[in-house]
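# A closer look at the structure
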Amino acid sequence: MKNVICDITDTWVFKGASSDPTFYGDYQLQKTLEATYLGIVLDSRLSWNKQASRVQAVGETRNGLLKRLSGVKWSTTQDLLCTTYKSYIRPDIEYGSELLVTASEAVQNKIETVQNNALRIITGGAFSTPIPP
């Protein structure tokens, strides 16, 4: 039988929560305004801004791969670019997206920007091309 030891060092505080200290055994846990659980960044106000910023940063990095694949010297097909997007970029965008339903429109626009940029790369459109709502 294996023993599992978990280090608990922080407690996550919701806005308006009690300011009483929380203890784990004899150890007082530190309060924090945000926590990452299973790759989802949760903040005390549940605004999802930091989660959307994380998804945006990862998406922009991965869109760079699409841009390099669609290079001038050796062009790839749209089918390959679309498959790369579906298998490499979209899963990270969709992971935890159910939680973002309650996010503000500005927060949701951060993620849509990543998707729109990938669409422009795949179709070969200019980045100034407007995408209608």
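Residues numbered from 1 in each chain as written. Predicted model: local features only at pLDDT ≥ 70, side-chain atom pairs only at ≥ 80, totals over all residues. Heavy atoms only, no water.

An unreviewed UniProt entry lists the chain under the name Putative RNA-directed DNA polymerase from transposon BS, from Trichonephila clavata.

## Observations regarding the confidence of the model for the chain
Just so we agree on the cut-off: pLDDT is a residue-level measure of predictor confidence that goes from 0 to 100. Whether two residues are in contact is decided by their heavy atoms, any of which lying within 4.5 Å being enough.
A residue-level look at the chain finds 83% of positions with pLDDT of 70 or above and a mean pLDDT of 82. Per-residue pLDDT stays below 50 along residues 1–6; that stretch engages in zero contacts with residues further than four places along the chain or on separate chains.

## Topic: the pairing of strand β4 (residues 34–37)
What counts, and what does not: The rule for pairing is simple: two strands pair if DSSP sees at least two bridges between them. The helix and strand labels rest on DSSP assignments: H or I over at least four residues marks a helix, E over at least two residues marks a strand, and numbering proceeds from the N terminus.
As paired strands, β4 and strand β5 (residues 40–43) are joined by four bridges and run antiparallel to one another. Each residue of the ladder has a partner; that of Ala35, found in β5, is Leu42. Taking the residues that link successive antiparallel strands as the turn, the β4-β5 hairpin has two residues, and the phi of Leu38 there is positive, at about 55°.

## Observations concerning the packing of aromatic side chains
Condition: Classification of ring pairs uses Phe, Tyr and Trp, with its six-membered ring standing for Trp, and accepts pairs whose centres are within 6.5 Å; under 30 degrees between planes counts as stacked, over 60 as edge-to-face, and the remaining range as tilted. Lysine NZ or arginine CZ positioned within 6 Å of the ring centre and within 35 degrees of the ring normal marks a charge as sitting over the ring.
Here the structure, examined in full by the defined rule, presents zero aromatic pairs. When the ring centre of Tyr88 is taken as reference, the NZ or CZ atom of Arg62 above it lies at 4.4 Å.

## Focus: the packing of helix α1 (residues 49–69) against helix α2 (residues 78–94)
Helix-helix packing: each pair is described by the crossing angle between the helix axes and the interaxial distance. This is how the line gets drawn: All axes are obtained by fitting lines to C-alpha atoms, using only the stretch in contact for helices, and the reported angles, taken between N-to-C directions, cover 0 to 180 degrees. Angles below 35 degrees are treated as roughly parallel, those above 145 as roughly antiparallel, those between 65 and 115 as roughly perpendicular, and all remaining angles as oblique. Residue polarity follows a fixed list, in which Ala, Val, Leu, Ile, Met, Phe, Trp, Tyr, Cys and Pro are nonpolar, Asp, Glu, Lys and Arg are charged, and the others, Gly among them, are polar.
Running from N to C, α1 and α2 cross one another at 170°; their axes reach a closest spacing of 10 Å. On the basis of their axis angle, the class for α1 and α2 is roughly antiparallel. Here Arg54, Val55, Val58, Arg62, Asn63, Leu65, Leu66 and Leu69 of α1 come into contact with α2, specifically with Leu81, Thr84, Tyr85, Tyr88, Ile89, Asp92 and Ile93. Of the residues in the contact of α1 with α2, the class split is 10 nonpolar, two polar and three charged.

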